[in-house]
Structure formats: structure tokens, C-alpha cells
Amino acid sequence: MPARKIRWYVKAQLGVLLLPAGLCVFAEAAIRKGILTWRSLATASTEQLPTVPDAGPWFWYGILGLILINAGVGLMVESGLRRGYPDNG
């Protein structure tokens, strides 16, 4: 198998793997942001609400998620739409 086909295959598969990974990381950031919002509402109200866990750095998770999403889409578009499967000719 020529190196061109292997390179195409690796790029296509990497794009297919990066897109859902980016979506998962971005969803994690949204969940962490929601936890922080819930915590701020819980401290502002006088009612006794359940303990809210620490949310962590949601902003950096969101940035990483967007980078992974864009990289995955870019690799899939670059490998599929522009060239397609490299043929023998």
C-alpha cells in the first residue's frame, strides 16, 4: 500500500475520532458551567439546597473541545471532499 493511501486513511480516521471526542469535551464544559451556575444560584437563595460539587475550569475544557471539533471536521473535509479515496491512477 503506497504511503499516500496510508496518509489519507490516517487523516480520515483521525478526523472521525476527533469530532466526537471534541463534542464530548465540549459537553463536559457545558456541564461544568451549569454546575457553577447552579452553585451561584444556590448561594444567592436562602433555601437549603444539596451540596454542589466543585466544577473546575470549564472555560479551558470548552476551548479544547472547540479545537478538537474544528480539527476533526477539517481533517474529514480535507480527506473526503477534496480528494476522496486515492485511486491507483
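Just above, that's the structure.
Every value quoted in this text rests on a predicted model; they were computed, and no experiment measured them.

Enquirer: Could you clarify how one ought to interpret the overall build of the protein chain in this entry?
Expert: Each helix and strand counted, the protein chain has 2 helices and 0 strands in total. In the protein chain, which comprises 89 residues, the share counted as buried stands at 24%. Relative to all contacts within the protein chain whose residues are 6 or more apart in sequence, the contacts with residues 24 or more apart total 79%.

Enquirer: I tried to follow helix α2 (residues 58–80) on my own but got confused; where do I start?
Expert: An α-helix turns once per 3.6 residues; consequently, residues spaced three or four apart project the same way. Spanning 23 residues, α2 covers 33 Å between terminal C-alpha atoms, matching the ideal 33 Å at 1.5 Å per step. Looking only at α2, the buried set comprises G62, G65, L68, I69, G72, E78 and S79.

Enquirer: Help me understand the packing of aromatic side chains, please; the structure alone is not making it clear to me.
Expert: Each pair of aromatic rings is reported with the distance of its centres and the angle of its planes. Inspection of the entire model under this criterion finds 2 aromatic pairs. Aromatic side chains W58 and F59 sit 6.2 Å apart centroid to centroid with 85° between the ring planes, which places their arrangement in the edge-to-face category. Arranged with centres 5.1 Å apart and planes meeting at 80°, the rings of F59 and W60 form a pair that is edge-to-face. Taken together through their ring pairs, the aromatic side chains of W58, F59 and W60 make up a single cluster.

Enquirer: How should I be thinking about the environment of V77 in this particular structure?
Expert: Tracing the backbone through its elements, the reader meets V77 in helix α2. Residue class for V77 comes out partly exposed when judged on its relative accessible area of 37%. Spatially, the C-alpha atoms of V77 and A12 are 8.6 Å apart, while their sequence positions differ by 65 residues.

Enquirer: Please clarify how the pattern of salt bridges should be interpreted in this entry.
Expert: Pairing is possible between side chains that carry opposite charge, provided their charged atoms lie close to one another. Per the stated rule, a full pass over the model turns up 2 salt bridges. Between K11 and E78 there is a salt bridge, and its shortest N-O distance comes to 3.7 Å. A residue pair is termed long-range when its members are at least 10 positions apart, and K11 in helix α1 (residues 3–44) and E78 in helix α2 qualify at 67 residues. The partner of E28 in a salt bridge is R32, and the shortest N-O contact between them spans 3.1 Å. Residue E28 and its partner R32 are located together in helix α1, separated by 4 residues, close to a single helical turn.

Enquirer: When you look at a nonpolar patch on the surface in this model, what are you seeing that I'm missing?
Expert: Taken together, the side chains of W58, F59, W60, I63 and I67 present a nonpolar region at the surface, about 520 Å² in accessible area. Along the chain, I63 turns up in helix α2. With relative accessibility at 33%, the residue I63 sits in the partly exposed group.

Definitions and limits used
Here the residue index of a chain counts from 1 through its sequence in written order. Only residues with pLDDT of at least 70 are given local features in this predicted model, and only at 80 or more are side-chain atom pairs given and counted; all residues enter the totals for whole chains, interfaces and linings. Side-chain metrics in this entry use all non-hydrogen atoms of the structure; hydrogen atoms and water are not considered. The secondary structure listing takes helices from DSSP runs of H or I that are at least 4 residues long and strands from runs of E that are at least 2 residues long, numbered from the N terminus. Here the term buried applies to any residue with accessible area under 20% of the maximum for its type, exposed to any over 50%, and partly exposed to those in between, with areas from a 1.4 Å probe on protein chains only. The contact criterion used is simple: two residues touch if any of their non-hydrogen atoms lie within 4.5 Å. Expected span of a helix: the number of residues minus one, times 1.5 Å. Only the six-membered ring of Trp is used, alongside the rings of Phe and Tyr, when aromatic pairs are assigned; centres must lie within 6.5 Å, and planes under 30 degrees apart are stacked while those over 60 apart are edge-to-face, with the rest tilted. Think of a salt bridge as a Lys or Arg side-chain nitrogen and an Asp or Glu carboxyl oxygen that are within 4 Å of each other. Note on patches: the residues involved have over 30% relative accessible area and no salt bridge, like charges join within 9 Å, and the nonpolar side chains Val, Leu, Ile, Met, Phe, Trp and Tyr join within 5 Å. What sets the accessible areas is the Shrake-Rupley method with a 1.4 Å probe; for residues, cover comes only from the shown protein chains.

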